[in-house]
Amino acid sequence: MARDGRIETYDGPAGGWGSAKSVGRALVYDGAPLKSGAALWKQNKPGGFACVSCAWSKPREPHLFEFCENGAKATGWELTSKTIGAEFFARHTLTELEGWSDFELEDQGRLTEPLKYDAASDTYQPIAWERAFEEIGGALKATDPKRTAFYASGRASLETSYMYQLLARAYGANNLPDSSNMCHESTSVALPESIGVPVGTVFLDDFDHADLIFFFGQNVGSNAPRMLHPLQEAAKRGVPIITFNPLKERGLERFTNPQAPTEMLSGAETRISTQYHQVKAGGDLAALFGLCKALIAIDDAAAPGAKVIDHAFIAEHCHGYDAFADACRARDWPELERCSGLTRHAIEIAAEVYSRSSAAIGVYGMGLTQHRSGVDNVQMLMNLLLMKGNIGRPGAGICPVRGHSNVQGQRTVGITEKASLAPLDRLKELYGFEPPREDGMATVDVCEGIIDGEVEAFVSLGGNFLRATPETGLMEDGWRKLKLSVQIATKLNRSHVVHGRAAYLLPCLGRIEIDRQAGRPQIVSIEDSTSHFHASHGFAEPCAPTLLSEPAIVAGIAKATLPPNPSIDWDGWTADYARVRDAIEATYPKVFPRFNERIETPGGFPKPISAREREWNTSTGKANFIFPESLDENPDMPAPQPDALRLITLRSNDQFNTTVYGYDDRFRGVEGTRMVVFMHANDIARLSLRDGQTVAMRTVADDFEREVEGFRIVAYDIPEGCVGAYYPECNPLIPLWHHARGSKVPAAKSVPVLIRPCG
Ligand SMILES: Nc1nc2c(c(=O)[nH]1)N[C@H]1C(S)=C(S)[C@@H](COP(=O)(O)OP(=O)(O)OC[C@H]3O[C@@H](n4cnc5c(=O)[nH]c(N)nc54)[C@H](O)[C@@H]3O)O[C@H]1N2
Ligand SMILES: Nc1nc2c(c(=O)[nH]1)N[C@H]1C(S)=C(S)[C@@H](COP(=O)(O)OP(=O)(O)OC[C@H]3O[C@@H](n4cnc5c(=O)[nH]c(N)nc54)[C@H](O)[C@@H]3O)O[C@H]1N2
Ligand SMILES: [Mo]
């Protein structure tokens, strides 16, 4: 519950007793501590289930408990004893529910019956499953496929996702926007150009062999805490961990492993980062150019036998190095210092340590991808790694930390709006229909379409599109005009209570629940952040007998929408998911050979990653050094205003995206509120504001006014000129056009804002 906020510095490490207490509290709050507690034993283990929180790798030899504080919260959230059905919805109109917070909506518990919006009573009313499918199928048949979007949020299994993309394509469009379009799309665009693969090249074992780790813009302690295990082991081996992040994130500073009794009892902490560079939001291009420039300077000064750049690797494997090196030499330090917010000295120290390493990993997250220059940022990090041949050997490579637990896997099985990335010819061969050949709409395109009325129908496989996307105000207006919205979900959220003219809410099983089809428990599969495929077994009894599984719902909609096609056996697939895996294997024989046989491999089985073998599937046949001309983060913003600050939208330690578990952010010392804005004391003074004051934030943009009120100023250790506040509360401030060049990822990490006192 939101309380009067309390702000106090948090002194504890990431993990530790704070984490253990927080897990206990969350499980008790969800009302099913025994069921959830028992489930935790099975989390991320061979024979168990894949955590529904983040996508971090599941090791071959798991820890006794292979879960973290936030994974435990996610488990408790799914297995909660609270449920809502028809009688809740009879009591509350949707107009009333629109006034509820994200927390209150989801806190009602699991959805249990299929529902349809009834305009006369302004409520959701129960509807039989078959009837719902028929009506949805009828409505979709009456809609132009080009004006229908099939969104996927990144959690549904490989099996469901494969069926979902087939539904969209057989229906007639490649309109498959996904959460990745708001997340690592910058990676998916940058890396194929640079190294010929759309994903990271690092496997979990590489962390055992690395002798240096760079960490750019990823908050490991809250968002991928199990990764702290390999990081802690690396730190204990003396591996330097060099971090670039505007905020001092606790998980990147120090960690106590809550699962190591001696550490817990002795209070021993492991220092994680050896160098911590508080780069300005959007300053990474400059920091990375600086690192490369400094490395070149060291190399230029070194004797012939003592070079630090891997010239042999570059000669054999790379394209464009000379132009890149010239561009680095030509950059001048004052500009790099100004844009990065770091001193030349600090950057040179980092480069010096790097110059001595022989196997480095570059880890990154939303701090690089969610910028206008998101694609350039990723390519610059890749350049830094290529300079020392850090790819295709043990302990080296690039490691984008993915978000949702199967977001990477959804792409692998065809959830993409880009026609060229989908195996269209193969689908045609297997299923005998002509798949659409033109690109579909990505998330930002769909938002534009919803705002201007082009998009008429929206089907959602999980997620909370309305809350996750930018431009909340215009989006809500457009959303209400949709002819049809269909939401497949586990819990109630704002994308359901704000609704289209015809709206259906279809409750599904969660991944931790046992999914019985034709009398047999089914297994599903997912792909983790380091490209390994894993089986996931349901563990708990479903929260209601009325739920259908995600594959059953997708099949239900497909059968009611598409003309009969004897080559697509929707019913057979739903009865036995192994048959969907056979279909996936038939579609992608090189990626999934012997899928069903290998699905239980402890630690997962790997996807082939050509760049790991130093095979470069790029336009030049080599690894490319690609770099931007300009360091300017916001080239098309109105003239700079001296009072403007760069807003970073952040996740708290008590949320999973738009799911708000609670109002605390322990590591940042915030209790009982989410309406805070973190600011440097000098900015507070310069703008004649004061700590604790209530303010409004307004976007600096000349199209129209976007403002949110009610943030409390918290003086914080953040670079001058930058402020931080939570997502999704800040999404009304992000203009839709403020997205990454090339990937269209909304630039949620550097929104120019003005602050004024209010209230
Ligand atoms: N518990 C929990 N786990 C999650 C999620 C969650 O909400 N809760 N979400 C999941 C999802 S979908 C995703 S994508 C991931 C997200 O995980 P992250 O990639 O960690 O994303 P954010 O929390 O948005 O934080 C980004 C980090 O980047 C830093 N940063 C901001 N701007 C810049 C910049 O300009 N440069 C640099 N170098 N750093 C910057 C911020 O200070 C912050 O530490 O986590 C996944 N895991
Ligand atoms: N300002 C700002 N905006 C951002 C970001 C940011 O950092 N800043 N981050 C972006 C990122 S990285 C992402 S990934 C997106 C996230 O965007 P989404 O993926 O769309 O949002 P989530 O909050 O993860 O979705 C939560 C909902 O998913 C449903 N759900 C949960 N589990 C299941 C399940 O097993 N099956 C089904 N069918 N439904 C389920 C529940 O109903 C729940 O309410 O937000 C993006 N938006
Ligand atoms: Mo994400």
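Residues numbered from 1 in each chain as written. Chains lettered and ligands numbered in written order. Predicted model: local features only at pLDDT ≥ 70, side-chain atom pairs only at ≥ 80, totals over all residues. Heavy atoms only, no water.

Topic: the domain arrangement of the chain
Many authors give the size of an interface as the accessible area that is lost as the parts come together.
Okay, step 1: Considered domain by domain, the chain is made up of domain 1 (83-181 + 406-588), domain 2 (185-401) and domain 3 (645-757).
Okay, step 2: For domain 2 and domain 3, the distance between their C-alpha centroids amounts to 26 Å.
Okay, step 3: Between domain 2 and domain 3, the residue contacts involve 27 residues of the former and 27 residues of the latter.
Okay, step 4: Around 2,200 Å² of area is buried between domain 2 and domain 3 when both sides are counted, 54% of it from carbon and sulfur atoms.
Okay, step 5: Sorting the residues of domain 2 by area buried against domain 3 places Leu 247, Gln 370 and Arg 372 first, and these three jointly supply 33% of that buried surface.
Okay, step 6: Remark: the boundary between domain 2 and domain 3 carries two salt bridges.
Okay, step 7: A salt bridge links Asp 376 to Arg 741; the nearest nitrogen and oxygen atoms lie 2.9 Å apart.
Okay, step 8: Counting across the domain 2 and domain 3 interface gives eleven residue pairs in polar contact (both at pLDDT 80 or more).
Okay, step 9: Counting only elements with at least two residues in the side of domain 2 that touches domain 3, the list comes to helix H9 (185-195), helix H11 (220-223), helix H20 (366-369) and helix H21 (374-387).
Okay, step 10: Of the residues belonging to the side of domain 2 that touches domain 3, the class tally is seven nonpolar, 13 polar and seven charged. (Domains from an automatic or database assignment. Contact = heavy atoms within 4.5 Å. Buried area = accessible area lost by both parts, 1.4 Å probe. Salt bridge = Lys/Arg side-chain N within 4 Å of Asp/Glu carboxyl O. Polar contact = N/O pair within 3.5 Å; in protein donor to acceptor, adjacent residues only side chain to side chain. Helix = DSSP H or I, 4+ residues; strand = E, 2+ residues; numbered from the N terminus. Nonpolar A, V, L, I, M, F, W, Y, C, P; charged D, E, K, R; others polar.)

Considering the sheet that holds strand E16 (residues 457-461)
Within a sheet, each strand pairs with its neighbour through backbone hydrogen bonds, oriented either parallel or antiparallel.
Okay, step 1: Strand order in the open sheet made by the six strands is E6-E5-E18-E17-E16-E7, with mixed pairing throughout. If you trace the sheet from one side to the other, it starts and ends with strand E6 (123-126) and strand E7 (148-152), each paired once. Taken over all neighbouring pairs, the strand axes of this sheet differ in orientation by 20 degrees on average, direction set aside.
Okay, step 2: Both strand E5 (residues 115-118) and E6 contribute to a ladder of four bridges, which runs antiparallel. For Leu 115, the partnering residue across the bridge sits in E6 and is Pro 126. (Pairing = 2+ DSSP bridges. Axes fitted to C-alpha atoms, helices over the stretch in contact; angles between N-to-C directions.)

Some thoughts on the UniProt feature "domain: Molybdopterin oxidoreductase" (unreviewed entry) in the chain
Okay, step 1: Within this structure's numbering, the places UniProt gives as "domain: Molybdopterin oxidoreductase" (unreviewed entry) are residues 110-406.
Okay, step 2: End C-alpha atoms of residues 110-406 are separated by 21 Å, and the span's content is 46% helix alongside 14% strand. (UniProt positions renumbered as here; feature names shortened; annotations may be inferred.)

Thoughts on the side chain of Lys 749
Okay, step 1: Mapped onto the elements, Lys 749 comes out in the loop between strand E32 (722-726) and strand E33 (751-757).
Okay, step 2: Salt bridges are absent for the buried Lys 749, whose nearest opposite-charge side chain, Glu 249, sits at 9.0 Å.
Okay, step 3: Side-chain polar atoms of Lys 749 contact the backbone oxygen of Thr 649, separated by 2.9 Å.
Okay, step 4: Ignoring any residue separated from it by four or fewer positions in sequence, one finds Lys 749 in contact with Ala 281, Met 366, Gly 367, Gln 370, His 371, Leu 647, Ile 648, Thr 649 and Arg 651. (Buried < 20%, exposed > 50% of the residue type's maximum accessible area, 1.4 Å probe, protein only. Lys, Arg positive; Asp, Glu negative; His and termini not counted.)

Some points on the site of ligand 1
Okay, step 1: In the vicinity of ligand 1 lie 31 residues, with Asn 245, Glu 249, Asp 284, Gln 655 and Asn 657 positioned nearest.
Okay, step 2: For ligand 1, a nitrogen atom lies 2.9 Å from a polar atom in the backbone of Ser 222.
Okay, step 3: The separation between a nitrogen atom of ligand 1 and a polar main-chain atom of Gly 367 is 3.4 Å.
Okay, step 4: When the free accessible area of ligand 1 is taken as 920 Å², the share hidden by the protein chains comes to 99%.
Okay, step 5: Breaking the shell around ligand 1 down by element, the ones donating at least two residues are H11, H20, strand E25 (645-650) and strand E26 (655-656). (Near = heavy atom within 4 Å. Areas by Shrake-Rupley, 256 points an atom, 1.4 Å probe, with all protein chains shown as cover.)

Let's talk about the packing of aromatic side chains
Okay, step 1: Overall, the coordinates contain 32 aromatic pairs when judged by the stated rule.
Okay, step 2: Seen in terms of ring centroids, Phe 458 and Phe 465 are 4.7 Å apart; in terms of plane orientation they differ by 45 degrees. Their pairing is tilted.
Okay, step 3: On the basis of relative accessible area, Phe 458 is assigned to the buried category, the value being 0%.
Okay, step 4: For Phe 465, a relative accessible area of 0% gives the class buried.
Okay, step 5: Here Phe 533 and Phe 592 contribute two aromatic rings whose centre-to-centre distance is 4.5 Å and whose plane-to-plane angle is 40 degrees, an arrangement assigned as tilted. Of this pair, Phe 533 sits in strand E22 (residues 532-537) while Phe 592 sits in the loop between helix H30 (577-587) and helix H31 (595-598); the two residues are 59 residues apart in sequence, bridging distant segments of the chain.
Okay, step 6: Clustering of aromatic rings is evident, with ring pairs tying together Phe 88, Phe 89, Trp 100, Tyr 117 and Tyr 124.
Okay, step 7: The positively charged end of Arg 706 is found above the aromatic ring belonging to Phe 704, 4.2 Å away from the centroid. (Phe/Tyr/Trp six-rings, centres within 6.5 Å; stacked < 30°, edge-to-face > 60°. Lys NZ or Arg CZ within 6 Å of the ring centre and 35° of its normal.)

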